Amino acid sequence: MRTTVGIIGGGPAGLLLARLLHRAGVDCVVLEARTRAYAEHRQRAGMLEQGTVDALRACGAAGRLDAEGLVHGGIELRFDRERHHIDFPALTGGRTVTIYAQTEIVKDLIALQLADGPPLLFEAEALAVEAPETSAPRVRFRHEGRERTLDCDWVVGCDGSHGVARDAFPAGAVRTYTHDHPYSWLGIMADVAPSCDELIYARGEGGFALHSMRSPTVSRLYLQVPPDTDLGDWPDDRIWDELAARFAVDADWTLERGPVTAKSLTSMRGHVHEPLRHGRLLLAGDAAHIVPPTGAKGLNLAVSDVRLLARAFLALHRTGSEELLDRYSRECLARVWQATRFSHEMTRMLHTHPDGDPFEDRLQLARLRRIASSRDAAAELAANYTGLPLER
Ligand code: FAD
Ligand code: DHB
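Residues numbered from 1 in each chain as written. Chains lettered and ligands numbered in written order. Predicted model: local features only at pLDDT ≥ 70, side-chain atom pairs only at ≥ 80, totals over all residues. Heavy atoms only, no water.

Further remarks concern the side chain of threonine 386. Here threonine 386 is to be found in helix α11 (residues 375-386). Under the relative-accessibility criterion, threonine 386 is labelled buried at 0%. Within polar-contact distance, the side chain of threonine 386 engages the backbone oxygen of alanine 382 at 2.8 Å. In this view, threonine 386 contacts Glu49, Gln50, Phe88, Thr92, Arg95, Thr96 and Val97; residues no more than four positions away in its chain are not counted. (Helix = DSSP H or I, 4+ residues; strand = E, 2+ residues; numbered from the N terminus. Buried < 20%, exposed > 50% of the residue type's maximum accessible area, 1.4 Å probe, protein only. Polar contact = N/O pair within 3.5 Å; in protein donor to acceptor, adjacent residues only side chain to side chain. Contact = heavy atoms within 4.5 Å.)

Structure below.
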């Protein structure tokens, strides 16, 4: 097999890149290790920045998103048993965010790709990227019980945080920056109408809690727990009791409970791989960087990475110039570090430290109170949350 751009990974990054390249007339092939059903049902993100929605719209992948997505004009911060609304349109000149599940984006992009797009192979596991420093890189992969080779002009690793593309960077040419937070998130999906109109980020006495949603009848909630948590110790009633305690406010408000349909644990870490290019191999999405989930930047960053990459491949295709590809790593990393900073600050502001440092507790509350009382501080949060412009 041969193609211009070999894409490893059929998550949001790989699928959107394939869509953008296809529309620009650049030939590509996507290799996805898992089955279609697995890729379509992996529960993850839900909050989309305006730029992500615009990008999906621009490539014809937003029909269902426009019909079913929930547009939110802000978030609520809760601390000290008080509620504070952060009004995004008023603070950002009209920007909003949209709730639409990652599973649905993946389904929409897969359907488009299979209808008229370039090849997308499921159960095609990349084993290695070879010769990335030459003009003829290759992906060795396993498909239908056979080892095969995809000959490419360029290879893009969109293979997530456990992928193989990164392994083709020589050790001496790479630096990774990592930070582990001393807590995890226990996430649930529940068949109950959300108890709120917009997302609630709460710093409760017992730690952080987040109330999100997937639809008018499905709630998505998260709870800060210790990293060594065993889900077996968290029966549904205990989860609901703890959530209710962390969201408690003096105003009249009740957390509605319902059947829990899924439970998961997510560790909280920041990880950035530098640079994002080695020869003709480039990285995008979780293959390149992981942010802790507070602030919902992971999927949005994956989308902005591939928008930059698609522009660069389009310029190469039209003019033969590699200039934008040469700039990709630097430009993309500048944005990645801004999102990493924001996710890190949101995480540190909202989670209680397991060692219970009372000084740090007071600082967190002072930060939250500053955002609740200063338009400038709230505007800074709103600008980052709704997404910094791609050009910055
Ligand atoms: P992935 O989605 O991981 O896709 C990588 C793909 O590559 C997978 O399909 C995988 O099977 C495939 N693959 C791996 N190895 C190989 C191989 N060797 N060969 C072929 N294929 C391979 N982000 C947000 O923006 N907003 C949110 O609200 C949000 N909430 C989150 C909540 C949770 C609980 C979690 C865990 C994450 C959340 N994120 C959020 C992060 C977001 O889900 C990820 O950043 C996003 O999935 C990144 O997309 P990706 O395509 O880069 O990687
Ligand atoms: C969701 C996840 C997040 O990490 C976040 O900050 C907001 C929403 C979600 O899964 O809906």
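What follows concerns the sheet that holds strand β4 (residues 70-72). Ordered by their spatial adjacency, 3 strands build an open sheet running β3-β7-β4, and the pairing between neighbours is antiparallel. The sheet is open, and its two edges are formed by β3 (47-48) and β4, each paired on a single side. (Pairing = 2+ DSSP bridges.)

Moving on, we get to the site of ligand 1. Residues in contact with ligand 1 amount to 33 residues; listed here are only the nearest, Glu32, Arg42, Gln102, Asp286 and Leu299. Contacts to ligand 1 include methionine 47, whose backbone N or O atom sits 3.3 Å from an oxygen atom. Take alanine 296: an N or O atom from its main chain is 2.9 Å from an oxygen atom of ligand 1. When the free accessible area of ligand 1 is taken as 1,000 Å², the share hidden by the protein chains comes to 89%. Broken down by secondary-structure element, the contributors of at least two residues to the shell around ligand 1 are α1 (12-23), β9 (124-130) and α8 (298-319). Its residues placed into classes, the shell around ligand 1 shows 14 nonpolar, 11 polar and 8 charged. (Near = heavy atom within 4 Å. Areas by Shrake-Rupley, 256 points an atom, 1.4 Å probe, with all protein chains shown as cover. Nonpolar A, V, L, I, M, F, W, Y, C, P; charged D, E, K, R; others polar.)

At a minimum axis distance of 8 Å, the contact between helix α9 (residues 323-350) and helix α10 (residues 358-373) shows a crossing angle of 115°. Taking contact as the criterion, the partners of Arg348, Met349 and Leu350 in α9 are, on α10, Glu360, Gln364, Arg367, Leu368 and Ile371. Residues belonging to the contact of α9 with α10 are distributed by class as follows: 4 nonpolar, 1 polar and 3 charged. (Axes fitted to C-alpha atoms, helices over the stretch in contact; angles between N-to-C directions.)

Taken domain by domain, the protein comprises domain 1 (5-72 + 98-178 + 269-350) and domain 2 (181-268 + 355-386). If you average the C-alpha positions of domain 1 and of domain 2, the two centres end up 29 Å apart. At the interface, 25 residues of domain 1 touch 31 residues of domain 2. Of the roughly 2,300 Å² buried between domain 1 and domain 2 on both sides combined, carbon and sulfur atoms contribute 65%. Viewed at the interface, domain 2 and domain 1 are joined by 0 salt bridges. One can count 6 residue pairs in polar contact (both at pLDDT 80 or more) joining domain 1 with domain 2. Mapped onto the side of domain 1 that touches domain 2, the elements with two or more residues apiece are β4 and α9. (Domains from an automatic or database assignment. Buried area = accessible area lost by both parts, 1.4 Å probe. Salt bridge = Lys/Arg side-chain N within 4 Å of Asp/Glu carboxyl O.)

A complete count under the given rule lists 8 aromatic pairs for this structure. For the pair tyrosine 177 and tryptophan 337, a centre-to-centre distance of 5.7 Å together with 85° between the ring planes defines the contact as edge-to-face. Of the two residues, tyrosine 177 sits in strand β13 (residues 175-190) while tryptophan 337 sits in helix α9, which places them 160 residues apart along the sequence. Judged by relative accessible area, tyrosine 177 falls into the partly exposed class, the value being 28%. Aromatic pair tryptophan 185 and phenylalanine 208: ring centres 5.4 Å apart, planes at 25°, arrangement stacked. (Phe/Tyr/Trp six-rings, centres within 6.5 Å; stacked < 30°, edge-to-face > 60°.)

Time to look at the site of ligand 2. Near ligand 2 you find Arg44, Gly46, Trp185, Leu199, Tyr201, Leu210, Ser212, Arg214, Tyr222, Pro293, Gly295 and Ala296, and these make up its full shell. Contact distances for ligand 2 include 3.3 Å between an oxygen atom and a backbone N or O atom of alanine 296. With the chains in place, 96% of the 290 Å² that ligand 2 exposes on its own is no longer accessible. Broken down by element, the shell around ligand 2 gets its largest block of residues, 3 residues, from strand β15 (residues 207-215). For the shell around ligand 2, the domains that each give at least three residues are domain 1 (5-72 + 98-178 + 269-350) and domain 2 (181-268 + 355-386).

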